[in-house]
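Now for the letters of each chain:
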Amino acid sequence: MNRISCPKNDVLSAYFDGEIGSPWDAAIAAHLENCASCRGKISAWEAVSGRLRREEAPELEEAARRVRQRIDLSIEERDECVESASVEVPVRRSEHGREVERLAFFRRQVLLPVPVLAGGVAAMFVLVASLFFFVGKNGSELSQTRAELENLKTIHVQYRVQNRAQLFGVMNTPGFEQDVVFELPDNNAFNVRQPEVIYVTERR
Amino acid sequence: MLKKGFDEKRFNAEYSQLFPVIFRVAYRVTGDVGIAEDLCHEAFIKYYERHEPLPDSNQAKYWLIRVVKNMALNHEKRKSRERKALSKLEKITPQYAESEEKRVVEDELKSSVQEALNKLPPKLRMVLVLKEYGGLNYREIGAMLQISEGNVKVRVFRAREQLEKLFRGK
Ligand SMILES: [Zn+2]
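Residues numbered from 1 in each chain as written. Chains lettered and ligands numbered in written order. Predicted model: local features only at pLDDT ≥ 70, side-chain atom pairs only at ≥ 80, totals over all residues. Heavy atoms only, no water.

**Re the packing of helix α1 (residues 8-30) of chain B against helix α6 (residues 122-132) of chain B**
All names here are of chain B. To keep things clear, this is the line we draw: The axes are straight lines fitted to the C-alpha atoms, using for helices just the contacting stretch, and the angles between their N-to-C directions are given from 0 to 180°. Helix numbers and strand numbers start at the N terminus; a helix is a DSSP run of H or I with at least 4 residues, a strand a run of E with at least 2. Orientation categories follow fixed angle ranges, with anything under 35 degrees roughly parallel, anything over 145 roughly antiparallel, 65 to 115 roughly perpendicular, and all other angles oblique. It is the rotation of the near helix from the far one that decides the hand of a crossing: anticlockwise by less than a right angle makes it left-handed, clockwise makes it right-handed. Here a residue-residue contact requires only that any non-hydrogen atoms of the pair lie within 4.5 Å. Note on residue categories: nonpolar means Ala, Val, Leu, Ile, Met, Phe, Trp, Tyr, Cys or Pro, charged means Asp, Glu, Lys or Arg, and polar means any other residue, Gly included.
Two elements in contact, α1 and α6, have axes whose closest approach is 10 Å; the angle formed by their N-to-C orientations is 160°. Between α1 and α6, the crossing angle belongs to the class labelled roughly antiparallel. Regarding α1 and α6, the two cross each other, and that crossing is right-handed. Residues V25, R28 and V29 of α1 touch α6, and the partners they reach there are R125, M126, V129 and L130. For the contact of α1 with α6, the per-class residue count stands at five nonpolar, no polar and two charged.

Right, here's the structure in full:
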């Protein structure tokens, strides 16, 4: 009986992942007994997988706690909003079809009105300096939500930023207006150690 | 206060079981703890907002990973736009520009595993992360990324091959 020839590399890799069904898996297993070269490939992949899995993602436990806290806050905030703001406040779909439900910023807002860009570098200095407390957390999703409240005749565009890079990103969005309201989290705001989410609200 | 009919106990159990998996996927794809946390936060909120909980934790896992995957791809697109915006602003306020030195130090802090993953082409990285950290099989990965199982097989293999070279280069 002839030895079957070496399986293609991607097939061998699929075998390693348990993705090859019967009877081919048995044939490959038999082949492996006699082929040091294929065994070598598999052990190299085992080493790669092992290395990937051995190293835990950094800050896993802390992240689990932090995210859980944020979830609770978001849920609370949203539920309060739904209560206080339902019926009278029409919740519209944004341009991107995303429904805007989080309206908490209407109740606790305006902490730091700063004329951005218009005031030039001086204003920027204040801005950047104040934001420096929040640098440290690198990047986050910039969630742009847009709530259009007809009865208030205002359009608020809310941006969630966590550091200056994101803030700058927002300010560079085409059409961004010049008056900005920073909304700081109302739970122990300027905590240097633990950067919080800042809301930047554009008012038109 | 919780949504009517929301089973908090169940949510807690699912959270502690699934967070590590979802976080690993989010982190390994984006290479950034802060971003990974944001993605997980949004994904779990979306899960919470679902009207019906999913029947078992494996389906919940698949659902959450899919949400994280979509957001990670969107994030990737936005990042390049933000980078441009930032460099524009750093020209106005050069005193706050991040120094090249600092960036280098930050890079060095990244583990060799993450560094190697970051070097993979995004398509290969995504498939391998879903396989190794998400624990998904080829069929699930194919369905999630809308590619064929054969394509998944090839990408997993290529990703492995490239990683092996990168690790060996150390
Ligand atoms: Zn062979």
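**A closer look at the coordination of the zinc ion**
Residues and elements named next belong to chain A. Just so we agree on the cut-off: For Na, K and Ca the donor cutoff is 3.2 Å, while for all other metals N, O and S atoms must lie within 2.8 Å; water is not among the atoms, so some sites may look incomplete. Every angle between 85 and 135 degrees makes a four-donor site tetrahedral, while opposite donors more than 155 degrees apart, with all other angles between 65 and 115, make a four-donor site square planar and a six-donor site octahedral; other sites are irregular. Here's how the labels work: a residue is buried when its accessible area is under 20% of the maximum for its type, exposed when over 50%, partly exposed in between, all with a 1.4 Å probe on protein chains only.
Here the zinc ion is held by the protein donor atoms C6 (SG), H31 (NE2), C35 (SG) and C38 (SG), which lie 2.1 to 2.3 Å from it. Coordination at the zinc ion comes from four donor atoms whose angles at the metal span 103 to 112°, giving a geometry best classed as tetrahedral. Read N to C, the donor residues that coordinate the zinc ion are spaced as C-x24-H-x3-C-x2-C. Of the two residues, H31 and C35, neither departs from the other in class, the shared state being buried.

**Concerning the packing of helix α1 (residues 9-16) of chain A against helix α3 (residues 36-54) of chain A**
Residue and element names in this part refer to chain A. At their nearest, the axes of α1 and α3 sit 10 Å apart, and the two run at 55° to each other. With respect to α3, the element α1 is oriented oblique. Between α1 and α3 lies a crossing whose hand is right-handed. In this structure, α1 uses N9, L12, S13, Y15 and F16 to contact α3, whose residues at the interface are C38, K41, I42, W45, E46 and S49.

**Comments concerning the side chain of E140 of chain B**
All names here are of chain B. As a reminder, the rule being used: For the charge count, each Lys or Arg is scored as positive and each Asp or Glu as negative, with His and the chain ends excluded. Salt bridge, as used here, is a side-chain nitrogen of Lys or Arg placed within 4 Å of a carboxyl oxygen of Asp or Glu.
Its location among the elements puts E140 in helix α7 (residues 138-145). Although E140 is buried, it makes no salt bridge; R139 carries the closest opposite charge, 4.7 Å away. Ignoring anything within four residues of it in the chain, the contact list for E140 reads N58, Y62 and G135.

**Topic: the pattern of salt bridges**
Applying the stated criterion across every chain yields a total of 13 salt bridges over all chains. Note that E37 of chain B is salt-bridged to R66 of chain A, the shortest N-O span being 2.5 Å. Here R66 of chain A lies in helix α4 (residues 60-85) and E37 of chain B lies in helix α2 (residues 33-49), a pairing that spans two chains. Ionic pairing is found between E115 of chain B and K119 of chain B, a salt bridge with its closest N-O pair at 3.6 Å. Taken as a pair, E115 of chain B and K119 of chain B lie in helix α5 (residues 112-119) at a separation of four residues, close to a single helical turn. Beyond isolated ion pairs, a larger network of salt bridges with shared partners links D17 and R53 of chain A together with E132 and R160 of chain B.

**Focus on the confidence of the model for chain A**
All names here are of chain A. Under the convention used in this document: Along the chain, pLDDT gives the predictor's confidence residue by residue, from 0 to 100.
In the predicted model, chain A carries a mean pLDDT of 62, and the fraction of residues at 70 or more is 36%. When pLDDT is averaged over each helix and strand of chain A, the minimum, 32, is found for strand β1 (residues 112-115) and the maximum, 97, for α1. Counted against residues more than four places away or in other chains, residues 84-156, with its pLDDT under 50, gives 170 contacts. Every residue in residues 184-197 scores below 50 in pLDDT, and together they form 29 contacts with partners more than four places removed in sequence or on other chains.

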